[in-house]
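Spelled out from the first residue to the last, the chains are:
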Number of protein chains: 2
Amino acid sequence: MDKTALFSLTYGLYVVGSMDGDRPVGCIINTCFQVTCEPPTLAISLNKNNYTLEVIQKTQQYSLSVVAENTDPSIIGQFGFYSSRDTDKYSDYGFTENAGTPLVNGDFCGRLILEAIKFVDCGTHVIVIGQLKDAIAGKGTPMTYSYYHRVIKGKAPKNAPTYVAEEPKAQEGTKQKFRCNLCGYEAEFEGDIPDDFKCPICQAGKNMFSKVE
Amino acid sequence: MDKTALFSLTYGLYVVGSMDGDRPVGCIINTCFQVTCEPPTLAISLNKNNYTLEVIQKTQQYSLSVVAENTDPSIIGQFGFYSSRDTDKYSDYGFTENAGTPLVNGDFCGRLILEAIKFVDCGTHVIVIGQLKDAIAGKGTPMTYSYYHRVIKGKAPKNAPTYVAEEPKAQEGTKQKFRCNLCGYEAEFEGDIPDDFKCPICQAGKNMFSKVE
């Protein structure tokens with residue numbers, strides 16, 4: 001069995017948000033599809049370890065923000081590599097509340113507000129089926145999961161600490177490539193990583209990076 | 001509610017195949033995601049009117065072929081716009097049987113063989129959750145649903161009857177655009193559509209085309 005065939009499935013990226021009382025929680029998923037048109041329902045899949053799932057199971061209310069190619073990539077890191085159990089993922093961005101769900105501020109292709117109507121136990125994960133309560137169109141090109149792997153990891157965003165390091169100023173051969181053990185982000189430095197460097201994707205510190213090659 | 005926000009969800013395209021006795025049946029879907037990693041399970045969504053769903057509910061065995069950008073687009077038409085109830089969709093292409101499921105011959109990014117373990121009633125549709133039994137890697141770039149709409153409809157494949165009609169030989173203003181009522185494919189002709197023209201995507205005849213504008 002060659003499981004690399006699974007890598008050819010196409011996905012988008014979505015921020016799931018829900019309110020734990022007055023505290024916004026959320027995470028990033030790539031698993032989402034529309035199930036029915038009338039009424040509009042969507043399915044998403046969430047890991048059982050995921051705090052956001054616990055909250056949706058309590059409240060039934062959640063939002064999906066469709067990540068665009070120009071969405072601030074640190075949102076992906078913040079929502080993708082930490083747990084809402086012990087992190088306020090929204091604090092750097094702020095959020096707007098819509099029908100009891102949080103929408104993280106930023107550039108997104110669209111926002112969907114849903115009410116969970118069914119939870120399907122699938123072992124390590126739960127499929128949440130939700131009915132669309134509201135939808136707001138946004139702007140930009142939807143980021144595919146493949147684009148995230150291919151482009152975002154390969155290039156630092158303009159505001160990221162690595163942007164200067166990637167300028168073609170250094171001489172060929174003096175740079176060392178490092179990879180983030182947490183999210184796979186790669187950056188090049190001359191010599192060692194600066195002590196105060198943080199991964200622009202997941203905010204991991206210098207000690208989470210390993211030399212490549 | 002602006003439901004156009006739903007258009008920003010990202011999908012791939014997949015041929016679902018199953019065996020109705022010794023007869024291969026199948027259809028095209030865009031709704032598929034991996035649910036769990038251990039064991040590998042996937043979710044797809046199928047319309048209840050879909051004959052392929054009936055067969056999977058009987059046999060539990062089905063295959064997914066991941067459509068590539070270079071997959072023969074007439075396969076999308078054949079599998080997407082007809083019913084296996086009254087059409088042998090495989091006859092023009094042939095198929096290979098793998099673990100009791102049919103794999104339509106052609107270029108695909110990957111093949112997945114699954115066994116259904118759960119059916120979730122969602123109104124007009126059913127989510128089929130299946131466990132991966134085998135996987136075969138293929139080649140090519142996975143076709144996104146957005147690529148299908150943007151590129152395949154806009155351009156005729158090289159072997160398609162419209163290819164010549166789209167050459168920039170005709171004078172500006174003498175061409176008329178026609179749209180297939182069945183699948184939305186657009187083609188331009190000088191004057192009327194030729195009597196023997198068939199939609200390269202869904203095989204619909206001349207009478208299924210309407211003038212655009």
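What counts and what doesn't
Residues numbered from 1 in each chain as written. Chains lettered and ligands numbered in written order. Predicted model: local features only at pLDDT ≥ 70, side-chain atom pairs only at ≥ 80, totals over all residues. Heavy atoms only, no water. Helix = DSSP H or I, 4+ residues; strand = E, 2+ residues; numbered from the N terminus. Buried < 20%, exposed > 50% of the residue type's maximum accessible area, 1.4 Å probe, protein only. Contact = heavy atoms within 4.5 Å. Polar contact = N/O pair within 3.5 Å; in protein donor to acceptor, adjacent residues only side chain to side chain. pLDDT = per-residue confidence, 0-100. Least-squares fit on C-alpha atoms with pLDDT ≥ 70 in both. Phe/Tyr/Trp six-rings, centres within 6.5 Å; stacked < 30°, edge-to-face > 60°. Pairing = 2+ DSSP bridges. Axes fitted to C-alpha atoms, helices over the stretch in contact; angles between N-to-C directions. Buried area = accessible area lost by both parts, 1.4 Å probe. Salt bridge = Lys/Arg side-chain N within 4 Å of Asp/Glu carboxyl O.

## What about the environment of B:V25?
All names here are of chain B.
- The residue V25 is located in strand 2 (residues 23-29) in this model.
- Residue class for V25 comes out buried when judged on its relative accessible area of 0%.
- Between the C-alpha atom of V25 and that of V126, which follows or precedes it by 101 residues, the distance is 17 Å.
- Apart from the residues lying within four places of it in its own chain, the contact partners of V25 are V16, G17, S18, D20, Y51, T52, V55, S84, Y90 and P102.

## Re helix 1 (residues 51-59) of chain A
All names here are of chain A.
- By the burial criterion, the buried members of helix 1 are Y51, T52, L53, V55 and I56.
- Buried residues belonging to helix 1 abut strand 1 (14-20), strand 2 (23-29), strand 4 (41-47), strand 5 (61-67), strand 8 (108-122) and strand 9 (125-137).
- Its side-chain oxygen placed 3.2 Å from the backbone nitrogen of T52, N50 serves as the N-cap of helix 1.
- Residue Q60 follows helix 1 closely and has a positive phi angle near 70°.

## Some thoughts on the confidence of the model for chain A
Residue and element names in this part refer to chain A.
- For chain A, per-residue confidence averages 86 on the pLDDT scale, and residues scoring 70 or more make up 90% of the total.
- In the predicted structure, residues 154-171 sits below a pLDDT of 50 and forms 29 contacts with residues beyond four places in sequence or in another chain.
- Per the prediction output, this complex has pTM 0.80; the corresponding ipTM is 0.78.

## Concerning the relation of the copies chain B and chain A
- Take chain B, turn it by 180°, move it 0.0 Å along the axis, and it overlays chain A with an RMSD of 0.1 Å. What we have between these two chains is a two-fold relation. When each C-alpha of chain B is compared by its distance to the rotation axis, B:Y11 comes out closest, at 3.0 Å.
- The residues that chain B uses at the interface reappear at the interface of chain A in 100% of cases, marking a shared surface.

## Side note on unusual backbone geometry
Residue and element names in this part refer to chain A.
- In the segment running from E38 into P39, the intervening peptide bond is cis, with an omega of -10°.
- Looking at where P39 falls in the secondary structure, it is placed in the loop between strand 3 (32-36) and strand 4.
- With phi around 70°, Q60 is a residue other than glycine that occupies positive phi space.
- Among the secondary structure elements, Q60 is positioned in the loop between helix 1 and strand 5.
- When its relative accessible area of 26% is taken as the criterion, Q60 is described as partly exposed.

## So, the packing of aromatic side chains
- On inspection of all chains with the given rule, the structure shows 15 aromatic pairs over all chains.
- Between A:F197 and A:F209 the ring centres are 5.4 Å apart and the planes differ by 75°, which places this aromatic pair in the edge-to-face class. Taken together, the residues span a long stretch of sequence, with A:F197 in the loop between strand 11 (186-190) and strand 12 (209-211) and A:F209 in strand 12 at a distance of 12 residues. Each member of the pair A:F197 and A:F209 is classed as buried.
- Measuring from ring centre to ring centre gives 5.5 Å for B:Y90 and B:F95, while their planes differ by 70°; the resulting arrangement is edge-to-face.

## Examining the sheet that holds strand 10 (residues 175-180) of chain A
Residues and elements named next belong to chain A.
- With respect to topology, three strands assemble into an open sheet ordered 11-10-12, the strand pairing being antiparallel. Each of the sheet's edge strands pairs with one partner strand only, and the pair in question is strand 11 and strand 12. Adjacent strand axes in the sheet meet at a mean angle of 40° when their direction is disregarded.
- As defined by bridge partners, strand 10 adjoins strand 12 across three bridges and the pair is classed as antiparallel. Bridged to F178 within strand 12 is K211.

## Some remarks on the interface of chain B and chain A
- In this assembly, 46 residues from chain B lie in contact with 46 residues from chain A.
- It is B:M1, B:T10 and B:F33 that lose the most area in chain B upon contact with chain A, and together they represent 18% of the buried surface on that side.
- Where chain B meets chain A, there are two salt bridges.
- We note a salt bridge from B:K3 to A:E38, for which the minimum N-O separation is 3.9 Å.
- For the pair chain B and chain A, the number of links is 10 residue pairs in polar contact (both at pLDDT 80 or more).

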